[in-house]
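Observations on the model geometry
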Amino acid sequence: MKLNIFVLLFLSVCFPLVNCFNKSATASLDALLQDFTSKALVRHKPHTGVLYKTIPPANLSGIEVSILKIRSRGLWYNGANFSYFSIPSRTISLPHVRRLALVYHDMKNWSSHYYKVPGYSLITSVVGFMAFDASNPSANSFTKVSLTTMGKPISIHFRNLTLAESTKPETKCVTFAANGSFYLSEMSYFGECLSREQGHFSVVIPENNSRVQRKKIVWHWWLIGSILGFIVLVLVGFGGIFSMRFLRTKKIQIMEKQADEDLVLTSRWVGQSKMPSAAVTRTQPVLENGCFT
C-alpha cells in the first residue's frame with residue numbers, strides 16, 4: 001500500500017516538474033537569444049531595412065537567427081515583412097523608440113526540445129521574433145520592447161505546410177507565451193496563423209490515437225495489477241494470521257484431550273448418589289529407619 005501511494009505521489013509530482021523544466025529552459029533560451037542579439041547589433045551594426053543573418057554561438061548551434069533593423073515611422077506606415085512574419089501597418093512600440101531591431105529565430109530541430117504541447121505533436125519548427133530598441137547604435141546593450149498593432153493581427157506564414165496538413169480540422173496554431181503557457185487557435189487560412197503580439201509560434205496536430213490508446217491500456221493494466229497485488233498481499237496476511245490462530249487452538253484442544261484421557265476416574269455410590277472416585281495412588285508410608293514396628 002505504501003509503495004503504491006509513493007508511486008502515485010511520484011507521478012503526480014513528476015509531470016508538473018517536466019513543465020517547470022521546460023519553462024525554465026525556454027526562459028534561459030530567451031535570455032541567451034537576447035544577449036546574443038545585443039552583442040550582434042553592437043558588433044555588426046546592420047543597415048536599416050536589410051535582413052541580416054547571424055551565426056549563433058556553439059550553445060545555440062542549429063538555431064537560425066536573423067535581424068531586421070527598421071525605423072518606427074516606417075513600421076507605422078508600411079508594417080514589416082520578414083521570413084515567416086508579416087507585421088501590419090499602424091504598429092508602434094511600447095515604449096516608443098525611433099528605431100527597432102526585429103530579431104527572427106527558427107528553432108528547427110531544437111523545437112521539440114524546448115517547446116511541448118501535451119497531447120499534440122509539432123509538425124513545423126517553432127519560429128518567433130523579439131523587438132529591441134535600436135535607437136542608439138553605439139549602445140553596449142539593447143533593451144527589449146513590446147509591440148502593439150492597434151487591433152490588427154500579425155500573420156505567421158508556415159510555407160512548409162502541405163495542403164493536406166493545413167486543411168485538417170484538427171490542425172491547430174499554437175502560441176507560446178513568455179510565462180511558459182501556450183494557447184491553441186484555429187488556422188485562419190492555408191498555412192497561416194495569427195497573433196497580436198510577439199512570441200513563438202508553431203503548428204500542431206493531435207498525437208497518434210493508437211499510440212495514446214496503447215499508453216492508456218498499459219496504464220490501466222498497471223493500475224489493475226497494483227490493486228490485485230495489494231489485495232493478494234492482504235489476503236495472504238489474513239490467511240497467515242488465521243492459520244496461526246487455528247493451529248494454536250488445535251494444539252490446546254489436543255493437550256486438553258490428552259489430559260482428560262490420562263485422568264482415569266472410577267464410580268462409587270455414596271448414599272443414593274453415584275459419584276466419580278479417583279483410583280488409589282497414595283504412596284505407602286515408610287519409616288525413616290526402614291523398619292516396621
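Along each chain, residues carry numbers from 1 onward, in the same order as the chain's sequence is written. In keeping with the predicted nature of the model, local features appear solely for residues at pLDDT of at least 70, side-chain atom pairs appear and are counted solely at 80 or more, and the whole-chain, interface and lining totals rest on all residues. Where side-chain values are given, they derive from all heavy atoms of the structure, hydrogens and water being excluded.

This part is about the overall build of the protein chain. Each helix and strand in the protein chain was counted, giving five helices and 16 strands. Three exposure classes are used, based on accessible area relative to the maximum for each residue type with a 1.4 Å probe and protein chains only: buried under 20%, partly exposed in between, and exposed over 50%. Residues counted as buried form 30% of the 293 residues belonging to the protein chain. Pairs at least 24 residues apart make up 67% of the contacts formed inside the protein chain by residues separated by at least 6 positions. All accessible areas in this document rest on Shrake-Rupley with a 1.4 Å probe, and a residue is counted as covered only by the protein chains that are shown. Total accessible area on the protein chain stands at roughly 19700 Å², and carbon and sulfur atoms take up 61% of it. The numbering of helices and of strands both runs from the N terminus, where a helix is a DSSP run of H or I of at least 4 residues and a strand a run of E of at least 2. It only takes one pair of heavy atoms within 4.5 Å for two residues to be counted as in contact.

We count a salt bridge whenever a side-chain nitrogen from Lys or Arg sits within 4 Å of a carboxyl oxygen from Asp or Glu. Inspection of every chain in the model, using the stated rule, returns three salt bridges. Residues Lys-108 and Asp-106 are paired through a salt bridge, measuring 3.8 Å at the closest nitrogen-oxygen approach. For Lys-108, a relative accessible area of 38% puts it in the partly exposed group. By relative accessible area, which is 3% here, Asp-106 ends up buried.

The next thing to look at is the state of the cysteines. Two cysteine sulfurs form what is called a disulfide whenever their separation falls within 2.5 Å. Overall, the coordinates contain one disulfide when judged by the stated rule. One disulfide bridge connects Cys-173 with Cys-193, the sulfur atoms lying 2.0 Å from each other. Across the S-S bond linking Cys-173 and Cys-193, the dihedral sits near -80°, which makes this disulfide left-handed. One end of the pair, Cys-173, is in strand 11 (residues 172–176); the other, Cys-193, is in strand 13 (residues 192–195), and 20 residues separate them in sequence. Like Cys-173, the residue Cys-193 is buried in the burial classification.

A few words now on the packing of aromatic side chains. Side-chain rings of Phe, Tyr and Trp, where Trp is taken by its six-membered ring, are said to pair if the distance between their centres is within 6.5 Å; with planes under 30 degrees apart they count as stacked, over 60 as edge-to-face, and otherwise as tilted. Counting across every chain of the model gives ten aromatic pairs. The structure contains a cluster of three or more aromatic residues connected by ring pairs, namely Phe-82, Tyr-84, Phe-85, Tyr-104, Phe-129, Phe-158 and Phe-201.

Moving on, we get to the layout of surface pockets. Quantified by volume, the second largest pocket comes out at close to 170 Å³. Of the two site types, the cavity is a set of points on a 1 Å grid over the protein atoms alone where a 1.4 Å probe fits but cannot get out, and the pocket is an open set with protein on both sides within 12 Å along at least five of seven lines, each lined by residues with an atom within 4 Å of a point. Lining the second largest pocket are Asp-30, Phe-129, Met-130, Lys-144, Thr-175, Phe-176, Ala-177, Ala-178, Glu-197, Gln-198, Gly-199 and His-200. Those elements that provide at least two residues to the lining of the second largest pocket are strand 8 (127–133), strand 11 and strand 14 (199–206). Under this grouping Gly is polar, as are all residues other than the nonpolar Ala, Val, Leu, Ile, Met, Phe, Trp, Tyr, Cys and Pro and the charged Asp, Glu, Lys and Arg. Looking at the lining of the second largest pocket residue by residue, the classes come out as five nonpolar, four polar and three charged. Grid points are joined across faces, edges and corners, and a volume is the space filled by probe spheres set on the points.

On to the sheet that holds strand 13, then. At least two DSSP bridges between two strands are required for those strands to pair. Pairing is antiparallel in the open sheet, where four strands are placed in the order 3-4-10-13. The sheet is open, and its two borders are formed by strand 3 (80–82) and strand 13, each paired with just one other strand. Going from strand to strand, the sheet's axes swing by 15° on average, the running direction of each strand aside. Direction of pairing for strand 4 (residues 85–87) relative to strand 10 (residues 154–157): antiparallel, over a ladder of two bridges. What sits directly across from Phe-85, in strand 10, is Ile-156. Here an axis means a line fitted to C-alpha atoms, over the contact stretch when the element is a helix, while the angle between two N-to-C directions is reported on a 0 to 180 degree scale.

This part is about the side chain of Thr-124. Looking at where Thr-124 falls in the secondary structure, it is placed in the loop between strand 7 (120–122) and strand 8. Any pair of N or O atoms that falls within 3.5 Å is considered a polar contact. Within protein, one atom must be able to donate a hydrogen and the other to accept it, and sequence-neighbouring residues count only if both atoms are side-chain atoms. Separated by 3.0 Å, the side chains of Thr-124 and Ser-202 make a polar contact. With residues near it in sequence (within four places) discarded, Thr-124 still touches Phe-158, Asn-160, Leu-161, Ser-202 and Val-203.

Attention now moves to the UniProt feature "transmembrane region" (unreviewed entry) in the protein chain. UniProt positions are given in the numbering used here, feature names are shortened, and annotations may be inferred rather than shown by experiment. Feature annotation in UniProt assigns "transmembrane region" (unreviewed entry) to the following positions: residues 219–247. Taken end to end, residues 219–247 is 100% helix and 0% strand, and its two terminal C-alpha atoms sit 42 Å from one another.

A negative phi holds for most residues other than glycine; trans holds for most peptide bonds. The step from Leu-94 to Pro-95 runs through a cis peptide bond, and the omega angle for that step is 0°. Within the secondary structure, Pro-95 sits in the loop between strand 5 (92–94) and strand 6 (99–106). In this structure, Ser-83 takes a positive phi of about 50° despite not being glycine. By relative accessible area, Ser-83 is classed as partly exposed at 30%. Its identity as a non-glycine residue notwithstanding, Met-150 has a phi of 60°, on the positive side.

Core analysis: the biggest nonpolar cluster contains 26 residues, and Phe-82, Phe-85, Ile-87, Leu-102, Leu-147, Ile-156 and Phe-158 have the highest contact counts within it. Mapped onto this core, the elements with two or more residues apiece are strand 2 (64–71), strand 3, strand 4, strand 6, strand 8, strand 9 (144–148), strand 10 and strand 14. In contact with Phe-85, not counting residues within four places along its chain, are Ala-80, Tyr-104, Val-127, Gly-128, Phe-129, Ile-154, Ser-155, Ile-156 and Phe-201. Here the nonpolar core consists of buried residues drawn from Ala, Val, Leu, Ile, Met, Phe, Trp, Tyr and Cys, with membership extended through side-chain atoms lying within 4.5 Å. One finds Tyr-115, Phe-132, Phe-176 and Val-204 within the second-largest nonpolar core, a separate group that totals 23 residues.

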